Each structure stands twice: as structure tokens, then as C-alpha cells.
Amino acid sequence: QDLVELGDSITRCRACPRLVAWREQAAREKRPAYRDEQYWARPVPGFGPDDASIAIVGLAPAAHGSNRTGRMFTGDRSGDFLFEALHAVGLASQAEATHLGDGLELYRTRMAAPVRCAPPENKPTPQERDNCRHWLAREFELLRPTLRAVVVLGAFGWQALLPVLAEAGWQAPRPRPRFGHGAEVVLPATDEGADLVLLGCFHPSPHNTQTRRLTQEMVREVLRRAISRA
Ligand code: SF4
């Protein structure tokens, strides 16, 4: 199985009844600005090259963002902020991400999420997070030969990712490291593979960016660190 086949399998998943209902309800009701669009309304697969050395891990799709467009962080304000930073540091071909087929390419970077379906109020349940874990673990297993750094956007992603990485071949640190903006932890490989650097970054949600809890320069600084470790 490669990452394309994995992505195909992910998009067919219906393991969480509440999230299946929510992603489809959002597609029926739509936001007025998107009323002429056909929503994706399925799980969102990873995005980026299959030999990425950097991964960016968020939380879950937004109901009218990637649940609409079908691509990670594409079509919402969190993504607008993130892609501006990725482009500024040379990891994305353009600063805007609007829809599949907009020409955007990621360089050396793969985007993924611990939960692949849009949850109500952006809050998946622990059960939904656990249901989805195997998809991300498999994605990291497949990326493992080249992956060297992961930028984790927010505390939910940080907590969800640690057991995923343990499943995918890196040692879980003890005690469990705390999330913080700028946090940095090295996870040794369980075999002769390469270590993985985990970098914490506040989530680029409007709540954080509009209050300037998170600025462009703060995100770019974490991304530059990821580049230097990868
Ligand atoms: Fe499947 Fe994950 Fe979506 Fe649940 S959240 S239905 S496990 S893809």
C-alpha cells in the first residue's frame, strides 16, 4: 500500500456515525457563500509529497473548509494563515489555497490530521479520535523513511499524535511531554531508523490569529526550525 492507496481508503471510511452525519449535514446546508459548490463531505486524506521530510499535523477538517474542498487546510481562515507562512519559508508554491486544482504544491511537506472528518464545534470525542488513529499511524509508517520533523498545531494534535508515533515506530517519551508553542522534543526511533523532532505551534485558528496570540512570524519561526531539523 502506498500513500495514494491509503488516501483512497481513508476517503471511504464511515467508522464514526456522528461525524458521517455531520460532514453530510454541512454539505446539505452549506454556507450562503458556498451555496453553488459541491461539498467534498468525506474524510480528508493527507496532502503533500510521499517523500516528505516535514509533516504538519492539525486537528480535524472544518465543516466549510476542507470538508468542502477535500484538501487539508484548504478554504478556511486557518489555512489562509498557514499557507501564507508556508509560502514565505519556501514550503509551498503559493500563498493561497482555495480548491483542488488551484495549482498549489507543497515542497518537502505533508499535511495530515489525527481526525479526518469535520466534527461538530471542532471537537471530536475521544472515541472518534481513537477510531481514526490507525489512519494517521499508517500514514506516518509510510513516511518514515524520509520523515524527520513534525510541526504539531495545537494541544489536541499533540496529545493525539504521541500514541500514533509510538505505533508508527518511534519511542514514546516518558513522561509525556507537554504541548506549548515552541516546545521541541526528540523521539528516538525504535530500530535503526532516524529520530523524529516534534515541534509545537499554536493552532492558526482565527481565535489565535485575530488576538495575535499567534503571529505570522511565530509560525514562520517554528517552520524554519522544522526545515533546519529536516
Ligand atoms: Fe473514519 Fe476517521 Fe472519519 Fe471516523 S473520523 S469516520 S475513523 S475517517
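Residues numbered from 1 in each chain as written. Predicted model: local features only at pLDDT ≥ 70, side-chain atom pairs only at ≥ 80, totals over all residues.

### Side note on the pairing of strand β2 (residues 109-112)
Right, so step 1: Both faces of β2 are covered, namely the face carrying Thr109 and Met111 and the face carrying Arg110 and Ala112.
Right, so step 2: With four bridges joining them, strand β1 (residues 54-57) and β2 adopt parallel strand pairing. Opposite Ile56, over in β2, you have Met111 as the bridge partner. (Buried ≥ 20, exposed ≤ 12 C-beta atoms within 10 Å, placed from the backbone. Helix = DSSP H or I, 4+ residues; strand = E, 2+ residues; numbered from the N terminus. Pairing = 2+ DSSP bridges.)

### Brief notes about the sheet that holds strand β5 (residues 196-201)
Right, so step 1: One open sheet holds the five strands; their spatial order is β2-β1-β3-β5-β4, and the pairing between them is mixed. Looking along the sheet, the strands with just one partner apiece sit at the ends: β2 and β4 (184-187). The mean inter-strand angle of the sheet, taken between neighbouring strand axes irrespective of direction, is 20°.
Right, so step 2: Against the sheet, helix α8 (residues 216-229) contacts β1, β3 (149-153) and β5, and its axis sits at roughly 180° relative to β5. (Axes fitted to C-alpha atoms, helices over the stretch in contact; angles between N-to-C directions. Contact = placed C-beta atoms within 7 Å.)

### So, the nonpolar core
Right, so step 1: Counting residues in each nonpolar core, the largest one holds 68 residues, and the members touching the most others are Ala55, Val57, Val150, Val151, Val152 and Leu199.
Right, so step 2: The element best represented in this core is helix α6 (residues 155-168), accounting for eight residues.
Right, so step 3: For Ala55, the contacting residues outside a window of four places in its chain are Arg110, Ala112, Leu143, Leu147 and Val150. (Core = buried A, V, L, I, M, F, W, Y, C linked by C-beta atoms within 7 Å.)

### A word on the pairing of β5
Right, so step 1: Of all the six residues making up β5, six are buried; the element is thus mostly covered by neighbouring parts of the structure.
Right, so step 2: Alternating positions in β5 separate into two faces, Leu196, Leu198 and Gly200 on one and Val197, Leu199 and Cys201 on the other, with burial throughout.
Right, so step 3: Bridge count for β3 against β5 is five bridges, and the pairing is parallel. Residue pairing in the sheet places Val152 in a bridge with Gly200 of β5.
Right, so step 4: Summarising the sheet, β4 and β5 pair through four bridges and their orientation is antiparallel. Paired with Leu187 across the strands is Leu196, a residue of β5.

### Remarks on the site of the ligand
Right, so step 1: Lining the immediate environment of the ligand, one finds 15 residues, of which Cys13, Cys16, Pro43, Cys117 and Cys132 sit closest.
Right, so step 2: For the shell around the ligand, the secondary-structure elements that each account for two or more residues are α2 (17-29) and α5 (126-143).
Right, so step 3: For the shell around the ligand, the element with the highest residue contribution is α5, accounting for four residues.
Right, so step 4: Class assignment of the residues belonging to the shell around the ligand gives a composition of eleven nonpolar, one polar and three charged. (Near = placed C-beta within 6 Å. Nonpolar A, V, L, I, M, F, W, Y, C, P; charged D, E, K, R; others polar.)

Nothing here speaks to function; it is all geometry.
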